[in-house]
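Each chain, letter by letter, is given below.
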Amino acid sequence: PRGVNGSWWRKSGHSVVPEDIGEMVKAAPDTIILGQGKPGLMKATKELRNYLKEQGIVLIEEPTAKAVETFNRMTGEGANVCAGFHLTC
């Protein structure tokens with residue numbers, strides 16, 4: 001909700017762990033959307049899924065093009081949402 005972090009990168013390739021989304025969690029969104037790249041290779045780890053569940057944050061994982069559509073729709077509806085988009089594949 002505060003802007004774009006153009007240098008966002010993951011600790012390990014196609015896996016997303018809690019440390020990767022610290023800034024997003026600090027923003028206290030209701031939902032985090034992860035764009036998984038065109039083929040859908042980037043995935044939240046089980047550790048991240050459990051962490052977000054504990055925080056009461058909904059996780060949506062979709063191929064990036066669909067994730068962008070979902071993000072735009074949700075923000076247009078006034079939802080409190082953050083997103084991380086995998087753009088390199």
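Within the largest apolar cluster, 13 residues are counted, with the highest numbers of intra-cluster contacts made by V16, I21, V25, I32, L34, L48 and L52. Looking at this core, the elements that each hand over two or more residues are α1 (22-26), β2 (31-35) and α2 (46-55). When near neighbours in sequence (up to four residues on either side) are disregarded, I32 contacts I21, M24, V25, L52, I57, V58, L59, I60 and C82.

A few words on the environment of I57. Its place among the elements puts I57 in the loop between α2 and β4 (58-62). Considering only alpha carbons, one finds I57 and P29, 28 residues apart in sequence, at a separation of 6.8 Å. Other than its neighbours up to four places away in sequence, I57 contacts V25, P29, D30, T31, I32 and L52.

This brings us to the pairing of β2. The buried count for β2 comes to five of five residues, which makes it a mostly enclosed element. Burial along β2 is two-sided: the residues T31, I33 and G35 and I32 and L34 are all buried. Across five bridges, the pairing between β2 and β4 is parallel. In the strand pairing of β4, I32 is matched with L59. As judged from the five bridges shared by β2 and strand β5 (residues 81-85), these two strands associate in the parallel manner.

Spatial strand order, β4-β2-β5: three strands in an open sheet with parallel pairing. Bordering the open sheet on either side are β4 and β5, each of which pairs with just one other strand. If you compare each strand with its neighbour and ignore which way they point, the axes differ by 15 degrees on average. Sheet strands in contact with helix α3 (residues 64-76) are β2, β4 and β5, and its direction is about 160 degrees off that of β5.

Glancing now at unusual backbone geometry. Even without being a glycine, A28 presents a positive backbone phi close to 55 degrees. The topology assignment puts A28 in the loop between α1 and β2.

What follows concerns the packing of aromatic side chains. Counted by the stated rule, this structure contains one aromatic pair. Aromatic pair F71 and F85: ring centres 5.9 Å apart, planes at 85 degrees, arrangement edge-to-face. Residue F71 is located in helix α3, and its partner F85 is located in strand β5; the two are separated by 14 residues in the primary sequence. On the basis of relative accessible area, F85 is assigned to the partly exposed category, the value being 25%.

Thresholds applied
- Residues numbered from 1 in each chain as written.
- Predicted model: local features only at pLDDT ≥ 70, side-chain atom pairs only at ≥ 80, totals over all residues.
- Heavy atoms only, no water.
- Core = buried A, V, L, I, M, F, W, Y, C linked by side-chain atoms within 4.5 Å.
- Buried < 20%, exposed > 50% of the residue type's maximum accessible area, 1.4 Å probe, protein only.
- Helix = DSSP H or I, 4+ residues; strand = E, 2+ residues; numbered from the N terminus.
- Contact = heavy atoms within 4.5 Å.
- Pairing = 2+ DSSP bridges.
- Axes fitted to C-alpha atoms, helices over the stretch in contact; angles between N-to-C directions.
- Phe/Tyr/Trp six-rings, centres within 6.5 Å; stacked < 30°, edge-to-face > 60°.

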